[in-house]
Amino acid sequence: MAKESSFSEVPLWQVINELEVQYDIVIDAGKIDAEQMFSGTFTHNDKNIALQSVTIPLKLSYAITGGKNVEFYNYESN
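Residues numbered from 1 in each chain as written. Predicted model: local features only at pLDDT ≥ 70, side-chain atom pairs only at ≥ 80, totals over all residues. Heavy atoms only, no water.

- The chain goes by Possible anti-sigma factor in an unreviewed UniProt entry, where it is assigned to Algibacter lectus.

This is the structure:
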């Protein structure tokens, strides 16, 4: 197995679903547009690198808000 998930022009919510499955986390995407398109990959070996691989290209950021909870937000709304 490649130990990564790869996407080509899919809605961000699909990528979020895959992140949640791979890392057993819950992502709150209420402050962002989860319909925007994403192309790229994320690793299955490191949660922070995976989250950065998804958020940085879309000019988003994230905060781990405790345990399994992660919040996505726009850079300017932090």
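### A short note on the packing of aromatic side chains
Okay, so step 1: In total, this model carries two aromatic pairs according to the counting rule given.
Okay, so step 2: Consider the rings of Phe7 and Phe42, whose centres lie 6.0 Å apart with planes at 25 degrees: the pair is stacked. Of this pair, Phe7 sits in strand S1 (residues 4–11) while Phe42 sits in strand S3 (residues 37–43), and the two are 35 residues apart along the sequence. Across this residue pair, the class does not change: Phe7 and Phe42 are buried. (Phe/Tyr/Trp six-rings, centres within 6.5 Å; stacked < 30°, edge-to-face > 60°. Helix = DSSP H or I, 4+ residues; strand = E, 2+ residues; numbered from the N terminus. Buried < 20%, exposed > 50% of the residue type's maximum accessible area, 1.4 Å probe, protein only.)

### Quick notes on helix H2 (residues 47–55)
Okay, so step 1: Among the residues of H2, those classed as buried are Ala50, Leu51, Val54 and Thr55. Down the axis of H2, the buried side of the element spans an arc of 120 degrees, and every buried residue falls inside it.
Okay, so step 2: Near the N-terminus of H2, the side chain that reaches the backbone nitrogen of Asn48, with its oxygen 3.0 Å away, is that of Asp46. (Arc of directions from axis to C-beta. Polar contact = N/O pair within 3.5 Å; in protein donor to acceptor, adjacent residues only side chain to side chain.)

### Let's talk about unusual backbone geometry
Okay, so step 1: Not every positive phi belongs to a glycine, and Glu9 is a case in point at roughly 50 degrees.
Okay, so step 2: Note that Glu9 resides in strand S1.
Okay, so step 3: The class for Glu9 is exposed, based on a relative accessible area of 54%.
Okay, so step 4: Positive phi is not limited to glycine here, since Asp24 has a value of about 50 degrees.
Okay, so step 5: Within the secondary structure layout, Asp24 lies in the loop between helix H1 (12–23) and strand S2 (26–28).

### Considerations on H1
Okay, so step 1: Over its twelve residues, H1 extends 16 Å from the first C-alpha to the last, a length consistent with the 16 Å expected when each residue adds 1.5 Å.
Okay, so step 2: Of all the residues in H1, the buried ones are Leu12, Val15, Ile16, Leu19 and Tyr23. Each buried residue of H1 sits inside an arc of 100 degrees when the element is viewed along its axis, so together they form one side.
Okay, so step 3: The inward-facing, buried residues of H1 abut S1, S2, S3, H2, strand S4 (60–66) and strand S5 (69–74).
Okay, so step 4: Downstream of H1 by one or two residues, Asp24 has phi in the positive range, about 50 degrees. (Expected span 1.5 Å × (residues − 1). Contact = heavy atoms within 4.5 Å.)

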